[in-house]
Amino acid sequence: MIALARHGEDRSAAAIGDTAADCLIREVETWPKPGLVSHVDQGAHDDMDADLLRSSARVLAPYFADLAAAGAAGGDMDRLRAIGMAAEAAMLAATAGVNTHRGAIFGLGLLAAAAGFRMRYGVAAPLGRIVAARWATGILGGPVDLHSHGSVVARRYRAGGARAEAAAGFPAVYDVALPALADARRFADDDEAARVQACMALIAGVADSNLLYRGGPAGLAFAQRQASAFLADGGVGAAGWRARAAAIHAAFVARRLSPGGCADLLAMALFVAAVER
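Residues numbered from 1 in each chain as written. Predicted model: local features only at pLDDT ≥ 70, side-chain atom pairs only at ≥ 80, totals over all residues. Heavy atoms only, no water.

### Overview of the overall build of the protein
The helix and strand inventory of the protein stands at 12 helices and zero strands. Going from the N terminus to the C terminus, the protein shows its helices and strands as α-α-α-α-α-α-α-α-α-α-α-α. Expressed as a percentage of the 277 residues in the protein, the buried residues total 52%. Sequence separation of 24 or more characterises 70% of the internal contacts of the protein that already satisfy a separation of 6 or more. As displayed, the protein offers around 11600 Å² of accessible surface, 54% of which is attributable to carbon and sulfur atoms. (Helix = DSSP H or I, 4+ residues; strand = E, 2+ residues; numbered from the N terminus. Buried < 20%, exposed > 50% of the residue type's maximum accessible area, 1.4 Å probe, protein only. Contact = heavy atoms within 4.5 Å. Areas by Shrake-Rupley, 256 points an atom, 1.4 Å probe, with all protein chains shown as cover.)

### So, the confidence of the model for the protein
Averaged over the protein, the pLDDT score is 91; the fraction of residues at 70 or greater is 90%. Of the regions scoring below 50 in pLDDT, residues 1–7 engages in 18 contacts with residues more than four places distant in sequence or in other chains. (pLDDT = per-residue confidence, 0-100.)

### Considerations on the nonpolar core
Formed by 83 residues in total, the largest nonpolar core has its most connected members in Leu110, Leu127, Trp135, Phe170, Val173 and Phe271. The contacts of Leu127, once residues within four sequence positions are left out, are Leu111, Ala114, Ala115, Arg118, Tyr174, Phe271, Val272, Val275 and Glu276. (Core = buried A, V, L, I, M, F, W, Y, C linked by side-chain atoms within 4.5 Å.)

### Details of the packing of helix H9 (residues 191–205) against helix H12 (residues 260–276)
In contact at an axis separation of 9 Å, H9 and H12 are set at 130 degrees when each is read in the N-to-C sense. Overall, the two elements H9 and H12 adopt an arrangement that is oblique. Our pair here, H9 against H12, has a crossing hand that is right-handed. Between H9, through Arg195, Ala198, Cys199, Leu202 and Ile203, and H12, the contact on the second element is made entirely by Cys262, Leu265, Leu266 and Leu270. (Axes fitted to C-alpha atoms, helices over the stretch in contact; angles between N-to-C directions. Parallel < 35°, antiparallel > 145°, perpendicular 65-115°, else oblique. Left-handed = near helix turned anticlockwise from the far one by under 90°.)

### Here we look at the environment of Ala238
Residue placement: Ala238 occurs in the loop between helix H10 (209–232) and helix H11 (241–254). A relative accessible area of 17% means that Ala238 is categorised as buried. Linking Ala238 and Ala188, residues 50 residues apart in sequence, is a C-alpha distance of 9.5 Å. Once you skip the residues sitting within four places of it in the chain, Ala238 turns out to touch Asp233 and Arg244.

### Thoughts on the packing of aromatic side chains
Counted by the stated rule, this structure contains two aromatic pairs. Ring geometry for Phe117 versus Tyr121: centroids 4.8 Å apart, planes at 45 degrees, classification tilted. Residue Phe117 and its partner Tyr121 are located together in helix H4 (residues 102–121), separated by four residues, close to a single helical turn. Its relative accessible area of 14% is what places Phe117 among the buried residues. Measuring from ring centre to ring centre gives 6.0 Å for Phe222 and Phe252, while their planes differ by 50 degrees; the resulting arrangement is tilted. Here the residue Phe222 occupies a position in helix H10, and Phe252 occupies one in helix H11, the gap between them amounting to 30 residues. What makes Phe222 buried here is its relative accessible area of 11%. Classification of Phe252 as buried rests on a relative accessible area of 0%. It is Arg120 that lies over the ring of Tyr121; its NZ or CZ is 5.2 Å from the centre. Cation over ring: Arg255 sits above Phe222, and NZ or CZ is 4.0 Å from the ring centre. (Phe/Tyr/Trp six-rings, centres within 6.5 Å; stacked < 30°, edge-to-face > 60°. Lys NZ or Arg CZ within 6 Å of the ring centre and 35° of its normal.)

### Re helix H5 (residues 127–141)
A rise of 1.5 Å per residue sets the reference length of H5, with its 15 residues, at 21 Å; its end C-alpha atoms lie 21 Å apart and thus fit the reference within 8%. The largest bend along H5 reaches roughly 75 degrees and is located at Trp135. Among all positions in H5, only Leu127, Gly128, Ile130, Val131, Trp135, Ala136 and Ile139 are buried. Those residues of H5 that are buried lie in contact with helix H2 (50–72), helix H3 (77–94), H4, helix H7 (161–167), helix H8 (171–187) and H12. (Expected span 1.5 Å × (residues − 1). Bend = angle between axes of the 7 residues up to and from the residue.)

### Structural notes on the state of the cysteines
Here, the word disulfide means a covalent bond between the sulfur atoms of two cysteines. A full pass over the atoms with the stated rule returns zero disulfides. Looking at the unpaired Cys199, the closest cysteine sulfur is the one in Cys262, lying at 6.3 Å. (Disulfide = S-S within 2.5 Å.)

### A short note on the packing of H4 against H12
One way to put it is that H4 packs onto H12 with a least axis distance of 9 Å and a crossing angle of 15 degrees. The orientation of H4 with respect to H12, classified from their angle, is roughly parallel. Of the two elements, H4 crosses H12, and the hand of that crossing is right-handed. Where H4 abuts H12, its residues Gly103, Ala104, Gly107, Leu108, Leu111, Ala112, Ala115 and Arg118 lie against Asp264, Ala267, Met268, Phe271, Val272, Val275 and Glu276. Of the residues in the contact of H4 with H12, the class split is 10 nonpolar, two polar and three charged. (Nonpolar A, V, L, I, M, F, W, Y, C, P; charged D, E, K, R; others polar.)

### Some words on the side chain of Glu27
Its place among the elements puts Glu27 in helix H1 (residues 9–28). In this structure Glu27 comes out as buried when scored by relative accessible area, which is 7%. Discounting residues that sit within four places of it in the chain, Glu27 has contacts with Lys33, Leu36, Val37, Ala263, Leu266, Ala267 and Leu270.

Right, here's the structure in full:
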C-alpha cells in the first residue's frame, strides 16, 4: 500500500505516480487478454508492443504524480486537463506518435488526482466517489476532440464512453473489475489469472468504445458473447482456462478487435485496489 501520510506529500504524490505507472505495466504483463498487447504478443495491434507500452507507462509516472499533487492542492478540472495534455504530449513524443495510453491518462489520471485529494484531506471515500463529487461537471462540460475514436463512437452509436464512466465514479471499476479480481483470487492463487478474469468480466459487461469503433455493434456483441461464455464456464477457476482464453484471444485478433477501454479499466482497478486496501 502507498504511504499516504499528510506530511511528505511530495514523496506521497510521487508514490502515487509510480503506482499508477506500475498498474499500467501490470496490465501489459497479462496474457491472454483478448485482442490486446501483452508480453507474449501484439494482439490486434500492428503499431505497438509490450516494450513500447512499458516505456510509455514509465514516461507517464511523473505526470500521474503531478495529477496527485494537483488533487491534493484542490485543483479544478482545468488544472487536471492541462497536466493531462502535457502527459499526452510526452507520451506521443516517447512513442513516435503512437497512442499507447490516451485513455489511461484520462481515467487513471483522475483517480491519481483523487488519491492525492484523499491523501491530503484524510477522507475515507472511494476514489471514484471523489472523482464524481469533485470533477463530474468539468468532465462532462469540457472540450471534446471530435476526431477521437470515443467521440466518433459516441456520435455514431450514442455510447456514453470514458467521460460518462468517469463522471459516474467509474462503476465499471467498482461494480465489475474489482469484484472479479476478488472472486478470482479466492479460487486461483495466481495474480495474472485474476487480471485475466477481471479483463474478461469487463469485456462482458462494458460497451467498449474501441470494440465499437473497430467492429461496430456486431463486433461488440461477438466480444461480449465470447467473454461471457468464458466466465459462465468457470473462468480462470476451470481446468484448461488458459487454453480457452488463448483461443478467444486468437478469435479477437482474427477479427482485429481490441478492447482498449477495458485494458484501461483493468489498470484503473489495479490502482484502486492498491490505494484503497
